[in-house]
Amino acid sequence: MSLYDRLDLTRPDRRKFKPSLQQNQPIWERIDLTRPIKSKCKVCRCLIQTTWRICPHCGWILQNSQQERHCIWLQVGNLEVCGKEQDIWEGILADAFSKVFSAFRSINVFLTTDPPDSREWQEDFTRVYVLVDNSSVDYLGIASFSPGKVTNVAAVRIDQICNASYLADLTINQLSNLIANTIAHEIGHTLGLDHSALTTDVMHDGLDHRVHSLMPPSFHAEQIVLMNHAINKHKIRAR
């Protein structure tokens, strides 16, 4: 509340009422100089305003109650690995998925690797295929995209990510980062995000294994706001 709002400038009507003791007090005694408590983000401890929904400093959701979420199904298929490599790949994918889930912690989505409950979501969810395909293409992933809108399908090519990883001689952790960045990039498209010109951005046009294998995916505050806005519009239209 501003100082102006806390200032009592009410003038008494001397024709009808006797002025009260408070109204006879000088104006400086009628000013409420009590400082309001300043709100801080629980995550980064930066100052925020009570009307903000998202912290502009770290992207944390400040008003998380009663927010409708959009379901995103990470459907893993056609990944047949035999022998000792099966345990290795299960660990790589589990690590990559945990990084994806962390990247979307401030976004109103329900991420799942299990088939969505039809009673809760019906057919209103986005399907992200995580697969191996022997077709001769050179993209790591592809997604349906409409600016500022939620779309329903994307695909991530594990075989192409592995080829890039092999040629660049990446470690297992770097491979996990590259998989996670690719999945997050394609999900971002399905939530209305366009490409970014910043080379270190998860939404950069053409993920670079030399950059995006070095760090897990993350979104900045403006991207978080845009994705949540797209989800809110989508849920309103779906009602």
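Everything in this summary refers to the structure shown in the same document.

This brings us to the pairing of strand 3 (residues 125-131). Buried residues dominate strand 3, accounting for 5 of its 7 residues. Where strand 3 and strand 5 (residues 153-157) come together, 5 bridges link them in parallel fashion. Its bridge partner being in strand 5, Val128 is matched across the sheet by Ala154.

Right, let's get into the pattern of salt bridges. One pass over the full model with this rule turns up 5 salt bridges. One salt bridge connects Asp124 with Lys235, and the closest N-O pair in it is separated by 3.3 Å. You can see Asp124 sitting in the loop between helix 3 (118-121) and strand 3 and its partner Lys235 sitting in helix 7 (residues 221-238), a full 111 residues away along the chain. For Arg157, the salt bridge identified is with Asp159, shortest N-O distance 2.5 Å. On the basis of relative accessible area, Asp159 is assigned to the buried category, the value being 14%.

Turning our attention to a positive patch on the surface. A surface patch of like charges, here positive, comprises Arg35, Lys38, Lys40 and Arg45. Mapping Arg45 onto the fold places it in the loop between helix 1 (21-24) and strand 1 (70-77).

For helix 7, which comprises 18 residues, the first-to-last C-alpha distance of 26 Å matches the rise-based estimate of 26 Å (1.5 Å per residue) to within 8%. What helix 7 keeps buried is the set Ala221, Gln223, Ile224, Met227, Asn228, Ala230, Ile231, His234 and Lys235. Tucked into the core, helix 7 has its buried residues touching strand 1, strand 2 (109-112), helix 3 and helix 5 (172-190).

Looking now at the packing of helix 4 (residues 158-168) against helix 5. Helix packing for two helices is described by the angle between their axes and how far apart those axes are. For the pair helix 4 and helix 5, interaxial distance at closest approach is 10 Å and the crossing angle is 140°. With respect to each other, helix 4 and helix 5 are oriented oblique. Crossing of helix 4 over helix 5 shows right-handed handedness. Between helix 4 and helix 5, the contacting residues are Ile158, Ile161 and Ser165 on the first element and Leu175, Leu178, Ile179 and Thr182 on the second. Its residues placed into classes, the contact of helix 4 with helix 5 shows 5 nonpolar, 2 polar and no charged.

Quick notes on the rules
- Residues numbered from 1 in each chain as written.
- Predicted model: local features only at pLDDT ≥ 70, side-chain atom pairs only at ≥ 80, totals over all residues.
- Heavy atoms only, no water.
- Buried < 20%, exposed > 50% of the residue type's maximum accessible area, 1.4 Å probe, protein only.
- Helix = DSSP H or I, 4+ residues; strand = E, 2+ residues; numbered from the N terminus.
- Pairing = 2+ DSSP bridges.
- Salt bridge = Lys/Arg side-chain N within 4 Å of Asp/Glu carboxyl O.
- Patch = residues over 30% accessible without salt bridge, like charges linked within 9 Å, V, L, I, M, F, W, Y side chains within 5 Å.
- Areas by Shrake-Rupley, 256 points an atom, 1.4 Å probe, with all protein chains shown as cover.
- Lys, Arg positive; Asp, Glu negative; His and termini not counted.
- Charge placed at Lys NZ, Arg CZ, Asp CG, Glu CD.
- Expected span 1.5 Å × (residues − 1).
- Contact = heavy atoms within 4.5 Å.
- Axes fitted to C-alpha atoms, helices over the stretch in contact; angles between N-to-C directions.
- Parallel < 35°, antiparallel > 145°, perpendicular 65-115°, else oblique.
- Left-handed = near helix turned anticlockwise from the far one by under 90°.
- Nonpolar A, V, L, I, M, F, W, Y, C, P; charged D, E, K, R; others polar.

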